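# Chain and residue survey
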Amino acid sequence: MLLTVKHTTRYAFAGNVTHGLQRLRLKPKSTHGQEVVDWHMELTGAKQEAAYDDQHFNHVDLVSIVPGVPEVVVTCEGTVRTIDNNGITGPHTGLMPLWCFLRPTALTKPGPKVRQLLAGIEADRSDVLGFLHLLSDRIAEQVEYVSGTTDAHTTAEQALAAGKGVCQDHAHIFITAGRLLDVPMRYVGGYLHMDDRDEQEAGHGWAEAHVPGLGWVGFDVSNAICPDERYIRVATGCDYGEAAPVTGIAIGAGETRLDVHLSVGQNKVGAQQQQSVSGGQQQVQGG
């Protein structure tokens, strides 16, 4: 599938910014069943200082805020070609050893609610993949998807106790429980092409588990499926904090207002052109 993304993030500052640095994890990479055809980022009120790959192999742009600007606008546009791998992204690569994905973080520290959730699933834990699918279903049953009830600092235990949350919370609960089973788990942030609309309020988040014999396998608890060709992976981490699209500081900013505009659509014209070219090449080879 050929997907087009336009993602605009606008930060409006009430105060006078004297110094600010932001880490942007907004650019996907050509890996794990996806190919970045083109990608462009435009900055207003900020300038790029450096670009690098972090410990999770995420692409990071380090930008500084121009002192005194009333707002910063980051606009990303691009096209990504994806395929359906049944949620499997494959063997582990990168600088982080697998045992790092077993350690709890501040957002994924297990508590009595998560342990109770696991204890209530009567199934063969030696069938790791099958048990994880049951775990995903149970979390979706117990935690209703409700926007605005949690934030970036809500822990897995808190969301499970409240019985409400969003995709980030579903992923964190799944990750927390999976690590109690000694399964390496990680958070994935990216984009999802919705079947009924292109315009969205925010990006999407899901989880991946490292399953013996398969490698990393994705689980989107919120939508009760494994990621397919509608998903674009952008960043991974031990939790949302390590995969967040924007992190940093802005000294003197005061109260900050955030506005996000995101559209993820299918580029049917480009896909048809690609099929036409491929078909023509096949005819030449066949002749």
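Now for a description of the structure that goes with this document. Note that the coordinates shown come from a computational prediction; the quantities given were computed from them, not determined experimentally.

## Quick notes on the overall build of the protein
Summing up its helical and strand segments, the protein has 6 helices and 16 strands in all. The C-alpha atoms of the protein give a radius of gyration of 20 Å, which matches the 19 Å a tight globule of 287 residues would have. For the C-alpha atoms alone, the extent of the protein along its principal axes is close to 70 × 55 × 35 Å. Relative to its full complement of 287 residues, the protein shows a buried share of 46%.

## Things to note about the sheet that holds strand β1 (residues 2-13)
Spatially, the 5 strands line up as an open sheet ordered β3-β6-β1-β16-β11, and their pairing is antiparallel. With partners counted over all chains shown, the strands left at the sheet margins are β3 (34-44) and β11 (199-200), one partner each. With 11 bridges connecting them, β1 and strand β16 (residues 256-266) associate as antiparallel partners. Within β16, the residue paired with Thr9 across the bridge is Val260.

## Examining the packing of aromatic side chains
Enumeration according to the criterion identifies 4 aromatic pairs in this entry. Ring centres of Trp206 and Tyr231 lie 5.0 Å apart, and the angle between their planes is 85°; on these two criteria the pair is classed as edge-to-face. Pair noted here: Trp206 is in strand β12 (residues 204-211) and Tyr231 is in strand β14 (residues 231-237), with a separation of 25 residues, a long-range link. The same class applies to Trp206 as to Tyr231, namely buried. The ring of Phe57 is capped by Lys29, whose NZ or CZ atom sits 3.2 Å from the centre of that ring. A cation over a ring is seen here: Arg186 above Trp216, with NZ or CZ 4.0 Å from the ring centre.

The rules we used
- Residues numbered from 1 in each chain as written.
- Predicted model: local features only at pLDDT ≥ 70, side-chain atom pairs only at ≥ 80, totals over all residues.
- Heavy atoms only, no water.
- Helix = DSSP H or I, 4+ residues; strand = E, 2+ residues; numbered from the N terminus.
- Rg over C-alpha atoms; globule rule 2.2 N^0.38 Å.
- Buried < 20%, exposed > 50% of the residue type's maximum accessible area, 1.4 Å probe, protein only.
- Pairing = 2+ DSSP bridges.
- Phe/Tyr/Trp six-rings, centres within 6.5 Å; stacked < 30°, edge-to-face > 60°.
- Lys NZ or Arg CZ within 6 Å of the ring centre and 35° of its normal.

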